[in-house]
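Descriptive analysis of the structure
Spelled out from the first residue to the last, the chains are:
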Amino acid sequence: MPTEFISLTFPNASTEINPIPGAGIDPAYLVRYARTLDDYDFNYTLVPYDSSSYDPFTIGATIAAATKNLKIIIALRPNTLYPTVAAKALATLDQISSGRAVVHLIAGGSDAEQAKEGDFLPKDQRYARLEEYIRILRRAWQSAELFDWNGTFYQFKQFSNRVRPVNGTGIPISVGGSSEEAYRIGGALADIFGLWGEPLKETKEQIDRIYQAAARAGRPNSDRPRIWVTFRPIIAETDELAWQKAYHTLDVLKANQARVSGGGSQASDSKAQVRDPTPQNVGSQRLLEIASRGDVHDRALWYPTVTATNARGASTALVGSPQTISDSILDYIDLGAELISIRGYDNLNDAIDYGRYVLPKVRSALQKRKNKGVDSA
């Protein structure tokens, strides 16, 4: 399948380098951002989930109404929505968007974050629940026939889903993570597997483990999960200017983090929300361990943004000119990545820059390779 590009959805103009405390949804900004992605031929936008943030389905429906081609990835934690309800909600969005719905399922990497919404299962059981959740979704989408379910985490009788996906059989399911359970479940059941940006060697090792899990589950090579890798490119006209911009971005990130940690206007006064200096999820732990080995890896993979944010989510940067960023992305495509997620620190302006200068370069290079292969055949 062709290489495709993803960006995160942003509901307002607040950014990590210029946060707007207490900002609510800005409908005009949300629509403008989504249409920008659509206009610059991004393929997907991820609508994120957080225990204290906006409902992804409402945001996703707004994006669907404002765009023509952009696929909408709904981030969903199984503890927040019963699987029969999720099957209908996702199929409803799929119909509204004319077949553009995707779901990214999150087992939950933080006990504290899960507990905020009443989920006290240990991590191994959260992954077991995720596996059961995926199987129920798939069964509910396959046909409208009545069926019973008597599982470990979910039980129901005579459910029928008459809200059909546009293709009649299902909606793409994405899973992410860096634990053995994530590899096992994603390799066996996911259509897409999401990874955070790591050096080429480590990324290849993770891809191999996902593919091995798929093989153990009996999936042929033609049916393995598509690999999704996420980066935070810092781009400028030249490499030199990009590095100047990167260090300025880092200074601002550190200053904002110090302001929060020091009890500034964005800090929480809840003792329950005091940050653990060591993230619980394996993905963040991996990023911090790699950061301890050095700042720059491979062509332009930069890790100080990881340590500045304590590996909070996708935080590895690619730094350089459009050519350097494009070449770096092509390195990951050569490893097997088919979906590349890129978002910066100046959300809207970075998306525009990527759309103008990075996506065309990557696609042009891939087309030249394809043409060369045809000519030499």
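Residues numbered from 1 in each chain as written. Predicted model: local features only at pLDDT ≥ 70, side-chain atom pairs only at ≥ 80, totals over all residues. Heavy atoms only, no water.

An unreviewed UniProt entry lists the chain under the name Alkanesulfonate monooxygenase, with Neurospora crassa given as the organism.

Here strand β2 (residues 44-47) shows no split at all, with Y44 and L46 on one side and T45 and V47 on the other all buried. Read from strand β1 (residues 4-8) through helix α1 (residues 27-39) to β2, the crossover connection turns out right-handed. Where β2 lies against strand β3 (residues 71-76), four bridges are found, and the strand directions are parallel. Looking at β3, one finds that T45 is bridged to I72. The parallel pair β2 and β3, bridged by helix α2 (residues 56-66), forms a crossover whose chirality is right-handed. (Buried < 20%, exposed > 50% of the residue type's maximum accessible area, 1.4 Å probe, protein only. Helix = DSSP H or I, 4+ residues; strand = E, 2+ residues; numbered from the N terminus. Right-handed = clockwise from strand over helix to strand, strands pointing away. Pairing = 2+ DSSP bridges.)

In this model, helix α11 (residues 322-335) (14 residues) spans 20 Å end to end at C-alpha, consistent with the 20 Å of a helix rising 1.5 Å per residue. Buried within α11 we find P322, T324, I325, S326, S328, I329, L330, D331, Y332 and I333. Just downstream of α11 lies G336, where phi reads positive at about 125°. (Expected span 1.5 Å × (residues − 1).)

This paragraph deals with the nonpolar core. Counting residues in each nonpolar core, the largest one holds 90 residues, and the members touching the most others are L105, W141, I227 and I329. Sorting elements by how many residues they give to this core places helix α5 (residues 123-142) first, with eight residues. Ignoring sequence-local partners within four residues, the contact set of W141 consists of A87, L90, A91, V103, N161, R164, P165, G168, T169, G170, I171 and I173. Of all hydrophobic cores here, the second largest spans 11 residues; its members include A236, L250, A308 and V319. (Core = buried A, V, L, I, M, F, W, Y, C linked by side-chain atoms within 4.5 Å. Contact = heavy atoms within 4.5 Å.)

The next subject is unusual backbone geometry. Although it is not a glycine, N310 adopts a positive phi angle of roughly 55°. In this fold, N310 is placed in the loop between α10 (304-308) and β12 (317-320). A positive phi angle, close to 55°, is found at A311, a residue other than glycine. Looking at the secondary structure, you find A311 in the loop between α10 and β12. A relative accessible area of 1% means that A311 is categorised as buried.

Between two aromatic rings, the relevant description is the distance of the centres plus the angle of the planes. Inspection of the entire model under this criterion finds 13 aromatic pairs. Ring geometry for Y247 against W302: centres 5.2 Å apart, planes inclined by 75°, an arrangement best described as edge-to-face. With Y247 in helix α8 (residues 239-261) and W302 in strand β11 (residues 301-302), the pair connects residues that are 55 residues apart, well separated along the chain. According to the relative accessible area criterion, Y247 is partly exposed, its value standing at 44%. (Phe/Tyr/Trp six-rings, centres within 6.5 Å; stacked < 30°, edge-to-face > 60°.)

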